[in-house]
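Given next are the chains, with one letter for each unit.
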Amino acid sequence: MIDIRLLRDDPVGVRASLVRRGVSESQVDELIETDQSFRESVLARDEARAELNLLSKSVEAAYKSKDIEKAGELRAQAKELGDRLSGLEEACTSVENKRREQLLYIPNIPDDHVPDGASDQDNVPIRYWHKDLGEVLPQEFVLPEFADSTRVPHWEIGTELGILDLERATKLSGAMFPMFRGPGSRMIRALTAFALDIHGDESTGHPYEEVRPPTMVRTETMVSTGHLPKFADDAYHLERDSLWAIPTAEVPLTSMYRDEIVEESFLPKRLTAFTACFRREAGSAGRDTRGLLRLHEFDKVEILAYATADQAQELHQELLAKAEELLRLLGITYRVVDLCTGDLGNSSKRTFDLEAYSPGTDKWLEVSSVSWFGDYQARRANLRYRKADGSGVEYCHTLNGSALAWARIWAILVEIGRQQDGSVVLPQVLAPYLGGKTTIDAKTSRLV
RNA sequence: GGAGGGAUGGCAGAGCGGACGAAUGCGAAGCACUUGAAAUGCUUUGGGCCAAAAGCCCCGUGGGUUCAAAUCCCACUCCCUCCGCCA
C-alpha cells in the first residue's frame, strides 16, 4: 500500500498521480477523509486512556496508603471513564479498519517516468531485438522475413508432432489447461534447467538463489503482493483449506521475509524460483482460447529482488537484462515495452514488458513482465530493513520479473524452429538439457 | 485423523494481577585498558501511532473479567512431540 503520510503531506500531488492511472478522485478523497477522522479518534482515545492510566495509579496509591474509602471513590470514577473509553476504542478500531480496507484498494503511485496512457495501445516500445539485427530502435525496426514454414500456429505444429495434447488435457481439466508430451514435455524441463542455471550462475558475481516454494499459500500471502483483496476473482481458491493457488512465484517469494526486519547488508537479495502458475482468467472468457496463448496453468521461472530504495532502479534494469538475456540466447525476436499508466499492474511503480514475436500467429506475445514495486508490497508484507548507519528501519523495495513464462516461449520456439519438412529445430543452448539432440523429427516425433 | 505440550525482545529464557516494554544469559555496537588482539570493565542495544516534547499502543490473534492484564477466563491461529495414515 501507499504511504499514508505522502498522501497527507501532498494530497494534490498524490491524487494527481493516482488519477493518472485511472483511480477516481473521489476514492482518494474518501481515504483522506477517513484518515482524518482516524487521527481524530486516535487522539481522543489516547487522551482518555492516559487519564485512565493515571486514575489507576491513584487507586493503587490509595490502597497502599490504606485509604479504602478514597480508593473506592476513585475506582467508581475510573469505572465510569473506562466505559466511556470503550466507546472511543470501538470507534477507533472501526475507522482504522475502514482506513486499512480503503488503503488496500488504492494502487501504487506510478513513477514519474511512466508514460501516460489509457490501455496497452499506449505502451511505449523502447527497443527491438532480432538475432540477425541485434538491438534496434523502435523507429528503425522492420520485422524481418519469417520463412513460410514458420507461419504455422504452434497448436497445429504441436498436434502434428504429438508433442502437445490439448484435447486430452481438456478431458482432464477443461479448456486452457495444457498438456505437453514427449519432446514437448522435455522442452519445458530443459528450459527450466537452462534458465535456473543462468540465474544461479556464480560467475556473474550476483547469483540468484534458487528456491522451490509452495504453490498454495495463505490469504495473507496473497494480500502482501497485492493480489488480494481486489483481485480475488482472478485466483483459484481452495475454500475448504483457506488456501490460494499462486498466480506467480512472486507471491511466495515476496512473502518469504514477511514481518521481518533484515539487515541492510542483506540487500540486495536476489531469488529465483520455478513454479506452476494458476490464473482463472475470469475477465477474459473467449479471448485467445486457442493453443497456449492464455492458460489457467502454466510453468514459469521467476526472478525477484529485495532492495533498498537506492538500489531499486539499478536492480530493475538488471532483472530486465536477465530476462532479455534468455530471449537472446534462445534466438527469439522481441521488443521491450514501457507500460503506460493505464496498463500498469496495481502494485507496480514501473513495469517493462517483454513481448516476443510469434510468426505462427503473427502476434507479439507477452512473455515477461519486469516490475518495480517501490515499497508498496513491502508495506503490505511488513518487510523492512535496518539501516547500516543505525538511523532506523525502512521498508524494502521489491522487484520481480518472469524469466521466463514457458508456455508462450514453447509456442514460439516450435514455430520459429519449424523446417520445410515439418521437423522442429530447437536452440543450441538447450542441447545440454536435451541429451545433445535439438531436432524434433517430423516422422518419428522424437529428438534426433 | 487421535493424544499431549507450547507461543515473551536478534537468540535463549524468567516473569503468572499494580513497581514490566519486560530480569538474566548469549549475541551486537560504542568507550576504556592494551603496541594490537584476547580477556576484563563501563555504556548502549525492539517496533509502531503522532509534526512532535508529552501522551498512547504492542509479551501469537481476537474477545472477556478488573480501577488496573504478559500475568486470570474464553475462542481462534500457528508451532512442536507422540501415535495412526501416507508420496
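Engineer: Even after reading the chapter, I still don't get the overall build of chain A, so can you show me in this structure?
Structural biologist: For chain A, the helix and strand inventory stands at 12 helices and 17 strands. Principal-axis analysis of the C-alpha atoms gives chain A an extent of 105 × 45 × 45 Å. Within the span of chain A, comprising 448 residues, buried residues form 50% of the whole. Looking at charge distribution, chain A has the averaged site of its 55 positive side-chain charges lying 4 Å from that of its 73 negative ones.

Engineer: Explanation requested: the side chain of Ser347 in the structure shown.
Structural biologist: Note on placement: Ser347 falls in the loop between strand E10 (334–338) and strand E11 (350–358). Take Ser347: its relative accessible area is 6%, and that puts it in the buried class. Within the structure, Ser347 has its side chain in polar contact with the backbone oxygen of Thr225 (distance 2.9 Å). Not counting chain neighbours up to four residues away, the residues in contact with Ser347 comprise Asn108, Thr225, Gly226, Phe373, Tyr376 and Gln377.

Engineer: I'm lost on the packing of helix H5 (residues 154–161) against helix H12 (residues 406–416) in this one. Help?
Structural biologist: Packed helix pairs are specified by the crossing angle of their axes together with the interaxial distance, meaning the distance between the axes. Look at H5 against H12: their axes get within 9 Å of each other, and the N-to-C directions meet at 75°. The angle between H5 and H12 falls in the class roughly perpendicular. Listed contacts from H12 to His154, Ile157 and Gly158 of H5 are Trp410, Ala411, Val414 and Glu415. Across the contact of H5 with H12, the residue classes tally to 4 nonpolar, 2 polar and 1 charged.

Engineer: How should I be thinking about the protein's contact with RNA strand B in this particular structure?
Structural biologist: Around RNA strand B, the structure places 19 residues, and the nearest of them are Arg8, Arg39, Asp46, Glu60 and Arg386. Here RNA strand B approaches the protein such that, of its atoms within 4 Å, sugar and phosphate make up 80%. The separation between a phosphate oxygen of RNA strand B and a polar side-chain atom of Arg8 is 2.5 Å. In this structure, Asn53 approaches RNA strand B through a side-chain N or O atom, which is 3.2 Å from a phosphate oxygen. Those elements that provide at least two residues to the surface near RNA strand B are helix H1 (4–9), helix H3 (25–64), helix H4 (68–105) and strand E13 (384–386). Among the elements that make up the surface near RNA strand B, the one with the highest residue count is H3 (10 residues).

Engineer: Mind showing me how you'd approach the packing of helix H7 (residues 183–199) against H12 here?
Structural biologist: Taken N-terminus to C-terminus, the directions of H7 and H12 make an angle of 115°; their axes are 11 Å apart at the nearest point. By the angle class used here, H7 and H12 are roughly perpendicular. Considering only the axes of H7 and H12, their crossing is right-handed. Of the residues in H12, those in contact with Gly184, Met187, Ile188, Leu191, Thr192 and Ala195 of H7 are Trp406, Ile409, Trp410, Leu413 and Val414. Here the contact of H7 with H12 is built from residues that sort into 9 nonpolar, 2 polar and no charged.

Engineer: Where do I start with the nonpolar core in this structure?
Structural biologist: Within soluble globular proteins, side chains that are nonpolar generally end up buried alongside one another. Ranked by size, the top nonpolar core spans 61 residues in total, and within it Ile409, Trp410 and Leu413 carry the most contacts. Membership of the second largest hydrophobic core comes to 22 residues, among which are Ile2, Ile4, Ile106 and Trp244.

Engineer: Help me understand helix H10 (residues 309–329) in this model?
Structural biologist: Because the α-helix completes a turn every 3.6 residues, residues three or four places apart line up on one side. With 21 residues, H10 extends 31 Å between its outermost C-alpha atoms, agreeing within 8% with the 30 Å of an ideal straight helix rising 1.5 Å per residue. Bending of H10 peaks at approximately 25° at the position of Leu315. The complete set of buried residues in H10 reads Ala312, Leu315, His316, Glu318, Leu319, Leu320, Lys322, Ala323, Glu324, Leu326 and Leu327. Of the residues one or two after H10, Gly331 is the one with positive phi, at around 75°.

Engineer: What should I look at first to understand the sheet that holds strand E1 (residues 124–130) in this one?
Structural biologist: What links the strands of a sheet is backbone hydrogen bonding, and the strands pair in either a parallel or an antiparallel sense. Spatially, 9 strands are ordered E2-E1-E10-E11-E12-E15-E9-E8-E3 in an open sheet, and the strand pairing comes out mixed. On the outer flanks of this sheet lie strand E2 (134–136) and strand E3 (209–211), each paired with one strand and no other. Strand-to-strand twist of the sheet, defined as the mean angle between neighbouring strand axes without regard to direction, takes the value 25°. In terms of strand pairing, E11 meets strand E12 (residues 363–372) through 9 bridges, oriented antiparallel. Across the sheet, residue Thr351 finds its bridge partner in E12, namely Ser371. Against the sheet, H7 engages E3, strand E8 (269–278), strand E9 (297–307) and strand E15 (397–405), with an angle of about 10° to E9. Here H12 sits on the sheet in contact with E8, E9, E11, E12 and E15, set at roughly 35° to E15.

Engineer: Just checking my understanding: could you explain the packing of aromatic side chains for this structure?
Structural biologist: Any aromatic ring pair is given by two values, namely how distant the centres are and how the planes are angled relative to each other. Counting across every chain of the model gives 10 aromatic pairs. Between Trp129 and Tyr334 the ring centres are 5.8 Å apart and the planes differ by 25°, which places this aromatic pair in the stacked class. With Trp129 in strand E1 and Tyr334 in strand E10, this pair connects stretches of sequence that are 205 residues apart. The interplanar angle of 70° and the centroid separation of 6.4 Å between the aromatic rings of Phe194 and Tyr433 together place this pair among those described as edge-to-face. Of this pair, Phe194 sits in helix H7 while Tyr433 is found in the loop between strand E16 (424–425) and strand E17 (439–440), placing the two residues 239 residues apart along the sequence.

Engineer: Is there a simple way to think about the domain arrangement of chain A in this case?
Structural biologist: Where interface size is given, it is often the accessible area lost as the parts come together that is meant. By the assigned domains, chain A splits into domain 1 (4–105) and domain 2 (120–440). One C-alpha centre belongs to domain 1, the other to domain 2; they are set 44 Å apart. Counting from both sides, the interface comprises 4 residues of domain 1 and, opposite them, 10 residues of domain 2. For the pairing of domain 1 and domain 2, the buried interface totals around 770 Å² over both sides, and the portion due to carbon and sulfur atoms is 48%. When residues of domain 1 are sorted by the area they lose upon contact with domain 2, Arg21, Leu104 and Tyr105 head the list and together hold 77% of the total. Inspection of the region where domain 1 meets domain 2 yields 0 salt bridges. Scanning the region where domain 1 abuts domain 2 turns up 5 residue pairs in polar contact (both at pLDDT 80 or more).

Rules used in this analysis
- Residues numbered from 1 in each chain as written.
- Chains lettered and ligands numbered in written order.
- Predicted model: local features only at pLDDT ≥ 70, side-chain atom pairs only at ≥ 80, totals over all residues.
- Heavy atoms only, no water.
- Helix = DSSP H or I, 4+ residues; strand = E, 2+ residues; numbered from the N terminus.
- Buried < 20%, exposed > 50% of the residue type's maximum accessible area, 1.4 Å probe, protein only.
- Lys, Arg positive; Asp, Glu negative; His and termini not counted.
- Charge placed at Lys NZ, Arg CZ, Asp CG, Glu CD.
- Polar contact = N/O pair within 3.5 Å; in protein donor to acceptor, adjacent residues only side chain to side chain.
- Contact = heavy atoms within 4.5 Å.
- Axes fitted to C-alpha atoms, helices over the stretch in contact; angles between N-to-C directions.
- Parallel < 35°, antiparallel > 145°, perpendicular 65-115°, else oblique.
- Nonpolar A, V, L, I, M, F, W, Y, C, P; charged D, E, K, R; others polar.
- Near = heavy atom within 4 Å.
- Left-handed = near helix turned anticlockwise from the far one by under 90°.
- Core = buried A, V, L, I, M, F, W, Y, C linked by side-chain atoms within 4.5 Å.
- Expected span 1.5 Å × (residues − 1).
- Bend = angle between axes of the 7 residues up to and from the residue.
- Pairing = 2+ DSSP bridges.
- Phe/Tyr/Trp six-rings, centres within 6.5 Å; stacked < 30°, edge-to-face > 60°.
- Domains from an automatic or database assignment.
- Buried area = accessible area lost by both parts, 1.4 Å probe.
- Salt bridge = Lys/Arg side-chain N within 4 Å of Asp/Glu carboxyl O.

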